[in-house]
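Tertiary structure, described
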Amino acid sequence: MVDKPASPIVVENPWERLNAFTDARIGLGRAGVSLPTSKLLAFQLAHAQAQDAVHTPLDVDALASELTEALEVSEAPIRLHSQAQDRAMYLQRPDYGRRLNEETREQLQQAAASQQRYDLAVVIVDGLSARAVQQNSVPFLSTLYQMFKSDAADWQLAPLTIVEQGRVAIGDEIGALLNADAVLVMIGERPGLSSPDSLGLYMTWAPAPGLRDDRRNCISNVRPAGLAVEEAARRFFLLLKEARQLKVSGVKLKDRSEDDVLEGDAAPGSIRNFLVAD
């Protein structure tokens, strides 16, 4: 009598091959009625990394030093703080993260006392993932600043600012205080179970306190395993140039950076401005 081969402890799922194309948890297989131990441990690790991303503070001194050296700017970034005094308050009161505290507001007003007008203010905010900001800010801004230098237009950039315990909307107040036509908020996005290092980019034309989210354009998932910094910088630069020309942003400005034909390359009158919403 021939013994039947023993059943495997872990039953593989044929969909597992799709993991080569995505970080999503697909085709995990099973061990009896449970997940395989390796998959369970990987899930627990991802959950811990997401928690660390939320609670790990931003190393502002190190980031400021890296930015000053990489961007070859004469002045270090201005260090600011929201009305949220600590991380616990930041997580419990999102509204506190949307406005500057009194001390740093006065500091920024003094820095902008000359009333010089700028084309863009870049605001770096820790958000919900300081890791994303720490890892991706310097590569992204290095690429973007090179685009500014290579462009035929003259771009006046406001002093860099770094905000602790901030939300996206805090950039509106900062952009207004710096007399900037547009503001770019670079912020650590809410970490998922496969993306604890995702950087978000939010652009607003004519920033002012109290604006709604429909006034912003968003480029998300900027990280090594997501949208590359070179592509993110290219998309943002195209949006910014159109915003500068049309004086709009948000739902009135469409991101068509992946289109094959740009309006300037088409025959006159053949298409309307594809970046302006109906």
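This one's a predicted model, so the numbers in the text were calculated from it and none came from an experiment. (Residues numbered from 1 in each chain as written. Predicted model: local features only at pLDDT ≥ 70, side-chain atom pairs only at ≥ 80, totals over all residues. Heavy atoms only, no water.)

**Digging into unusual backbone geometry**
- Its identity is not glycine, yet Q165 carries a phi of approximately 55 degrees, on the positive side.
- The residue Q165 is located in the loop between β3 (161-164) and α6 (170-177) in this model.
- What makes Q165 buried here is its relative accessible area of 12%.
- Positive phi is not limited to glycine here, since N179 has a value of about 55 degrees.
- The topology assignment puts N179 in the loop between α6 and β4 (180-188). (Helix = DSSP H or I, 4+ residues; strand = E, 2+ residues; numbered from the N terminus. Buried < 20%, exposed > 50% of the residue type's maximum accessible area, 1.4 Å probe, protein only.)

**Digging into the side chain of R216**
- Looking at the element boundaries, R216 is found in strand β6 (residues 216-222).
- Side-chain polar atoms of R216 contact the backbone oxygen of L211, separated by 3.4 Å.
- What R216 contacts, discounting residues up to four positions off in sequence, is V168, A169, D172, Y202, M203, T204, L211 and G250. (Polar contact = N/O pair within 3.5 Å; in protein donor to acceptor, adjacent residues only side chain to side chain. Contact = heavy atoms within 4.5 Å.)

**A short note on the environment of F236**
- If you trace the backbone, F236 turns up in helix α7 (residues 229-246).
- Not counting residues within four places of it along the chain, the set of residues in contact with F236 comprises L120, L144, L184, M203 and I219.

**Quick notes on the pairing of β3**
- By the alternation rule, side chains of β3 split into T161 and V163 and I162 and E164, which are all buried.
- Sheet topology note: the strand β2 (residues 118-125)/β3 ladder contains three bridges and is parallel. Its bridge partner being in β3, V123 is matched across the sheet by T161. (Pairing = 2+ DSSP bridges.)

**Notes on helix α4 (residues 102-111)**
- If you check which residues of α4 are buried, you get T104, R105 and L108. Around the axis of α4, the buried residues are gathered within 105 degrees of arc, so they sit on the same side. Facing away from the buried side of α4 by over 90 degrees, the exposed positions are E103 and Q110.
- Packed against the buried residues of α4 are β1 (78-81), β3 and α6. (Arc of directions from axis to C-beta.)

**Details of the nonpolar core**
- Judged by nonpolar contacts, the single largest core of 41 residues is most densely connected at I124, F140 and L141.
- Of all the secondary-structure elements, those providing two or more residues to this core are α2 (60-71), β2, α5 (130-150), β4, β5 (199-205), β6 and α7.
- No other element matches the nine residues that α5 contributes to this core.
- With residues near it in sequence (within four places) discarded, I124 still touches L63, L67, V133, S137, L141, L160, T161, I162, V163 and M186.
- If you look at the next biggest cluster of nonpolar residues, it comprises 19 residues, including L80, L100, A112 and L178. (Core = buried A, V, L, I, M, F, W, Y, C linked by side-chain atoms within 4.5 Å.)

**Overview of the packing of aromatic side chains**
- Under the criterion given, the structure shown has four aromatic pairs.
- Ring geometry for F148 versus F237: centroids 5.4 Å apart, planes at 90 degrees, classification edge-to-face. Here F148, found in helix α5, pairs with F237, found in helix α7; they are 89 residues apart in sequence, far enough to count as distant.
- Overall, the relative accessible area of 7% leaves F237 in the buried class.
- Aromatic pair W155 and F237: ring centres 5.8 Å apart, planes at 50 degrees, arrangement tilted. Taken as a pair, W155 in the loop between α5 and β3 and F237 in helix α7 lie far apart in primary sequence, 82 residues in all. Exposure class is identical for W155 and F237. Each is buried.
- Taken together, the ring pairs connect Y145, F148, W155 and F237 into an aromatic cluster.
- The residue whose ring lies beneath R93 is Y96, and the NZ or CZ to ring-centre distance is 4.1 Å. (Phe/Tyr/Trp six-rings, centres within 6.5 Å; stacked < 30°, edge-to-face > 60°. Lys NZ or Arg CZ within 6 Å of the ring centre and 35° of its normal.)

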